[in-house]
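Notes for the structure review
What follows is the residue order along each chain.
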Amino acid sequence: QVNVLKNLKANGYCGTPSFLLNIAEKAEEMGLDLKKDLNLQVAFVAAEMLPESLRLKLEEKFGLILRQSYGTADIGCLGYECMLKSGMHVPDDKIVEIVDPETGKQLPPGKTGEIVATTFNKVYPLVRFGTGDLSILTETPCPCGRTSPRLIKILGRVDQVTKVRGLFVHPGQADEVAAKHREIARYQVVVTRKEHKDEMTFRVELKEEMLQPQKLKEEIEKSIRDVMKVRGEVQFVPKGTIPDGAKKIDDQRTW
C-alpha cells in the first residue's frame, strides 16, 4: 500500500482511520518522509470511531485534510462532515431520527438515542431501520450554509455488538469460538484501545489447569481469526475471574 501511494502519487485515501495510521507507521519504518515522499492531500474515513486526537495525528503526519462519514451496509451514507467539522450532514435522500432504544419513540434534538433511518430507494427501501448506534441530532443550520440536520457524533452501540478495527464482533461469534474448544469453561471478549488502535483480548477460564497451555492458546487464536475475522489475543485467567452474568463483549474503550 505504501509503495502504491508513493509510485502512483495518489492524493486521496478512503478507508478506516486505523489503517491509515498503519500506513503512516509502515512508511516511517521504510524511512519515508510522509509529507515529501507521499502525495496524500485528503482522506475520507468511515467504519470506525474517529477520536479527535487520531484525526489531528493523521493530519499532522501527512499534512492532509481528514473528514469522516457515517453509514451502514444496508442503508448507505447517513452523514458526512463538511470542511467546518460541525457534525455530519444527513443526505437529502435519507430521513434520520434519534429514538428511545426501548420504546422506539422519536426524541427531540439534543437528546441521545438510537439512530433510526428511512430511505425510499426503489430497489431497496427501508423504513425506520434501527442501526443500533447512539448519537445526537441537531437541526441548527451549519455555518457552512447547509440546512440539513446533523449527527453531532457517534457515541457507541445500543447493544453488545461492537466494532473492532472496522468489523462487527457479535456475542454469538464468541460462543462459536468457545464451542470449538471443550477445554473452555468461561470466556469473555474484552475490547480496549492503545495508541489509537483497537485491541481484542479473549479471556478464558479453563475447566482444568494445563501445564503447557501454549498450544491451546494458538488454536483458540486461530479460531478467533477464522470466526471473527479479526486477530485477538487469548489470555488465560484463574477460575472465578469472569463473574456470573458478565457481558460476553466488554467494550472498555473511551472516546
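Just above, that's the structure.
A brief look at the structure comes next. (Residues numbered from 1 in each chain as written. Predicted model: local features only at pLDDT ≥ 70, side-chain atom pairs only at ≥ 80, totals over all residues. Heavy atoms only, no water.)

Quick word on the packing of helix α2 (residues 17-29) against helix α3 (residues 52-62)
Under the convention used in this document: Working convention: axes come from line fits to C-alpha atoms, limited for helices to the stretch in contact. Angles between N-to-C directions cover 0 to 180 degrees. Numbering of helices and strands starts at the N terminus; helices are DSSP runs of H or I of at least 4 residues and strands are runs of E of at least 2. Our angle categories are set so that under 35 degrees counts as roughly parallel, over 145 as roughly antiparallel, 65 to 115 as roughly perpendicular, and the remainder as oblique. When the near helix sits turned anticlockwise from the far one by under a right angle, the crossing is termed left-handed; a clockwise turn instead gives a right-handed crossing. We call two residues in contact when some of their heavy atoms are within 4.5 Å. Nonpolar residues are Ala, Val, Leu, Ile, Met, Phe, Trp, Tyr, Cys and Pro. Charged residues are Asp, Glu, Lys and Arg, and all others, Gly as well, are polar.
Two elements in contact, α2 and α3, have axes separated by 11 Å at closest approach and are oriented at 40°. Overall, the two elements α2 and α3 adopt an arrangement that is oblique. Regarding α2 and α3, the two cross each other, and that crossing is left-handed. Judged by residue contacts, P17, L20, L21, A24 and E28 of α2 engage L54, K57, L58, K61 and F62 from α3. Here the contact of α2 with α3 is composed, by residue class, of seven nonpolar, no polar and three charged.

A short note on the packing of helix α4 (residues 171-179) against helix α5 (residues 214-228)
Relative to each other, α4 and α5 sit at 140°, their axes nearing to 9 Å. When the axes of α4 and α5 are compared, the pair comes out oblique. You can see that α4 and α5 cross each other, and the crossing is right-handed. Of the residues in α5, those touching α4 at Q173, A174, E176 and V177 are I220, S223, I224, V227 and M228. Here the contact of α4 with α5 is built from residues that sort into six nonpolar, two polar and one charged.

Overview of the packing of aromatic side chains
Using the following cut-off: Any pair of Phe, Tyr and Trp rings, taking the six-membered ring for Trp, is counted once the centres come within 6.5 Å. Such a pair is stacked with planes under 30 degrees apart, edge-to-face with planes over 60 apart, and tilted for the rest. Relative accessibility decides the category of a residue: with a 1.4 Å probe and only protein chains considered, values under 20% of the type maximum give buried, values over 50% give exposed, and everything between is partly exposed.
All chains considered together, the criterion is met by one aromatic pair. Centroid distance Y187 to F202: 6.1 Å. Interplanar angle 5°. Geometry classified as stacked. A residue pair is termed long-range when its members are at least 10 positions apart, and Y187 in strand β12 (residues 184-194) and F202 in strand β13 (residues 197-206) qualify at 15 residues. Overall, the relative accessible area of 22% leaves Y187 in the partly exposed class.

Describing the sheet that holds strand β1 (residues 12-15)
Selection rule: Strands are treated as partners if at least two bridges between them are detected by DSSP.
With mixed pairing, nine strands are arranged side by side in an open sheet as β1-β2-β3-β4-β5-β9-β8-β7-β6. The open sheet terminates on both sides in strands that have one partner only, identified here as β1 and β6 (95-99). Where strand β2 (residues 42-45) meets strand β3 (residues 65-72), four bridges bridge the pair, whose relative direction is parallel. Each residue of the ladder has a partner; that of V45, found in β3, is Q68. Contacts between α2 and the sheet are confined to β1, β2 and β3, with β1 contributing the most and set at about 130° to the helix. Sitting on the sheet, α3 is in contact with β3 and β4 (76-81), with an inclination near 135° to β3.

Some remarks on the state of the cysteines
Note the cut-off: To count as a disulfide, a pair of cysteine sulfur atoms needs to be within 2.5 Å.
What the rule picks out here adds up to zero disulfides. Here C14 stays free of any disulfide, with the sulfur of C77 as its closest cysteine sulfur at 12 Å. There is no disulfide at C82, and the cysteine sulfur nearest it, in C142, is 3.9 Å away. Owing to a relative accessible area of 6%, C82 belongs among the buried residues under this scheme.

Let's talk about the sheet that holds strand β14 (residues 233-236)
Here we have four strands laid out as an open sheet, ordered β14-β13-β12-β15, and mixed in their pairing. Lying at the two open borders of the sheet, with one neighbouring strand each, are β14 and β15 (249-251). When the angles between neighbouring strand axes are averaged without regard to direction, this sheet yields 25°. Note that β12 and β15 share three bridges and pair parallel. Across the sheet, residue V191 finds its bridge partner in β15, namely D251. Taken strand by strand, α5 contacts β12, β13 and β14, and its axis lies near 135° from that of β14.

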